[in-house]
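# Survey of secondary and tertiary structure
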Amino acid sequence: MNAKTPDNLQSHKISAPAEKDASGNWKDPKRYMWLLGPALPGIGLAALTGYALAPKKLKALAWTGPALVHGIIPALDRAIGEDKSNPPESAVKTLEQDKYYDRIVKAFIPTQYAMTFMGAWIASRKNTPLDDKIGLTLTVGAINGVGINTAHELGHKSNRLNKLMAMAALAPTGYTHFVVEHNFGHHKRVATPEDPASSRMGESFWKFLPRTVLGGIKSSIKIEKARLARKGKNFWSLDNELLQGWAMSAGFFGATTLVCGPRAVPFLAAQAVYGASLLESVNYIEHYGLLRQKDKNGKYERTQPEHSWNSNHIVTNLFLYQLQRHSDHHAHPQRSYQALRHFEKAPQLPGGYASMLLPAYLPQWWYETMDKRVIDHYEGDLTKINWDPDRKEELMARYADYAAEVAAEAKARRESANSEAA
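Rules used in this analysis
Residues numbered from 1 in each chain as written. Predicted model: local features only at pLDDT ≥ 70, side-chain atom pairs only at ≥ 80, totals over all residues. Heavy atoms only, no water. Helix = DSSP H or I, 4+ residues; strand = E, 2+ residues; numbered from the N terminus. Rg over C-alpha atoms; globule rule 2.2 N^0.38 Å. Buried < 20%, exposed > 50% of the residue type's maximum accessible area, 1.4 Å probe, protein only. Contact = heavy atoms within 4.5 Å. Areas by Shrake-Rupley, 256 points an atom, 1.4 Å probe, with all protein chains shown as cover. Lys, Arg positive; Asp, Glu negative; His and termini not counted. Charge placed at Lys NZ, Arg CZ, Asp CG, Glu CD. Polar contact = N/O pair within 3.5 Å; in protein donor to acceptor, adjacent residues only side chain to side chain. Arc of directions from axis to C-beta. Salt bridge = Lys/Arg side-chain N within 4 Å of Asp/Glu carboxyl O. Axes fitted to C-alpha atoms, helices over the stretch in contact; angles between N-to-C directions. Parallel < 35°, antiparallel > 145°, perpendicular 65-115°, else oblique. 1 Å grid on protein atoms, 1.4 Å probe; cavity = no way out; pocket = protein on both sides within 12 Å on 5 of 7 lines; lining within 4 Å. Points joined across faces, edges and corners; volume = space filled by probe spheres on them. Nonpolar A, V, L, I, M, F, W, Y, C, P; charged D, E, K, R; others polar.

## Re the overall build of the chain
Along the chain, the regular secondary structure elements total 17 helices and zero strands. Here the C-alpha radius of gyration of the chain, 22 Å, is about what a compact globule of 422 residues would show, namely 22 Å. Dimensions along the principal axes, computed over C-alpha positions, put the chain at roughly 75 × 55 × 50 Å. In the chain, which comprises 422 residues, the proportion classed as buried is 54%. Within the chain, contacts between residues separated by at least 24 positions form 73% of all contacts whose residues are at least 6 apart in sequence. By element, 60% of the accessible surface of the chain is carried by carbon and sulfur atoms, the whole surface being about 18,800 Å². Positive and negative charge centroids in the chain, built from 52 and 42 side chains respectively, lie 8 Å apart.

## What to know about the environment of threonine 176
By the secondary structure assignment, threonine 176 is in the loop between helix H7 (160–170) and helix H8 (178–189). You can call threonine 176 buried: its relative accessible area is 2%. For the pair threonine 176 and glutamate 241, spaced 65 residues apart in sequence, the C-alpha to C-alpha distance is 8.8 Å. Excluding residues within four positions of it along the chain, threonine 176 makes contact with Met167, Leu170, Ala171, Gly245, Trp246 and Ser249. Only 3.5 Å separates the side chain of threonine 176 from the backbone nitrogen of tryptophan 246, close enough to count as a polar contact.

## Some points on helix H3 (residues 89–97)
Of all the residues in H3, the buried ones are Ala91, Val92 and Leu95. Along the long axis of H3, the arc covered by the buried residues comes to 120°, so they all point the same way. Along H3, the residues that are exposed and aim more than 90 degrees away from the buried face are Ser90, Lys93, Thr94 and Gln97. Looking at the packing, one finds that the buried side of H3 touches helix H4 (99–106).

## Examining the pattern of salt bridges
Counted by the stated rule, this structure contains 23 salt bridges. The shortest N-O distance in the salt bridge between aspartate 102 and lysine 106 comes to 2.9 Å. Placement of the pair is aspartate 102 and lysine 106 together in helix H4, with a separation of four residues, close to one helical turn. Judged by its relative accessible area of 28%, aspartate 102 is partly exposed. Arginine 227 is paired through a salt bridge with glutamate 224; the nearest N and O atoms lie 2.6 Å apart. Linking arginine 227 with glutamate 224, this pair stays in helix H9 (residues 205–230), spanning three residues, or about one helical turn.

## Let's talk about the packing of helix H11 (residues 264–286) against helix H14 (residues 353–361)
Contact pair H11 / H14: the axes reach a minimum separation of 10 Å and the direction vectors enclose 95°. Of the possible angle classes, the one that applies to H11 and H14 is roughly perpendicular. Residues Leu278, Ser281, Val282, Tyr284, Ile285 and Glu286 of H11 lie in contact with H14, whose contacting residues are Tyr353, Met356, Leu357, Ala360 and Tyr361.

## Some details on empty space enclosed by the protein
Per the stated rule, a full pass over the model turns up four cavities of 30 Å³ or more. For the largest cavity, the calculated volume is near 330 Å³. Elements supplying a minimum of two residues to the lining of the largest cavity: helix H2 (64–80), helix H6 (130–155), H8, H11, helix H12 (314–319) and H14. Partitioning the lining of the largest cavity into residue classes produces 16 nonpolar, seven polar and one charged. Space inside the second largest cavity adds up to approximately 110 Å³. If you trace the second largest cavity, you find it lined by Tyr175, His177, Phe178, Glu181, His182, His186, Pro196, Ala197, Thr212, Gly216, Glu280 and Asn283. For the lining of the second largest cavity, the secondary structure elements donating two or more residues are H8, H9 and H11. Considering every element that reaches the lining of the second largest cavity, the biggest residue donor is H8, with four residues. Split into classes, the residues belonging to the lining of the second largest cavity amount to four nonpolar, six polar and two charged.

See below:
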């Protein structure tokens, strides 16, 4: 049910550097850098342990998560820049078969659980100050939010164990329905008004958030009911993947509360909300204003590279398993992260996903950053944009002059290119 594109992306690909091994095969220059992914919950666990040992002297460690997500990683993205490596198509099969990369993703989960439990234990202590509890909540929530991306990587694999591990990575945020909705809802409806996970131009993140959360849950229930019905089973079957995931979350929350006490409950709930909101903020960024067009029969065109916002900033890509190479992901949903490619002609964000989070939270900043970029992408054709229906007329009037300028420039470029070709 995943929407796939024709594999016509080759012409958009940047040239791969000549990293080769002794046999002349392409060599992954980031092979050991991928260890940053599972290192992230380890950093969180180390920070929480340091805080537990010396809460007054090492008070700042409670805020490690927000510092990483909103400060350190964006700063490193700007300092280090974009990724110059790109696997050639000939290397994809070898990369996919290398179990090293799969083990890296799965290594995230045990430390993620240990970090979450440690955070709950500290936050449930009577002598932990309220401001420290807030920092601890955001730290654990931020890393569990990245854990959702771990689940995203595992959930696209057909192997049953991988799907169970994907739900395990989602259990601390209570967002296990994501495995069902993302694979069989979002990938089918991406960049259309029907997709709750595709944001519309003029729609703020705060308006998008309830729409995507509620829409995603409703969609996952509908999808799972239909799947079970095809197998002759009802919703309350033990085969229901939604019930399995919710049971995992309930079991984790219950066991943690049993050990840490009832004061752990507010912490667990708050970190889950924050972690899930990070996922949805990335969803907001990934397809803002982009729209698949309909053919003469009213059917949406296949998903193409132009239907996802991409970024090739290397540091965020290392922590997020190259999620920012989003066009190739939608073209090949089951392709593993190490084999995803960057394409210059896919629409590009002005920064990495981590750098775009704060603008996404502040609507005016976001609109100033992205709205004209959407119009540029569609060469001034306002009819091709996925608009917030409540603001469509207002925004079309506001941007009419700018869109006309962009359209005229695009027409001039095309005429110049045609005359040169002739």
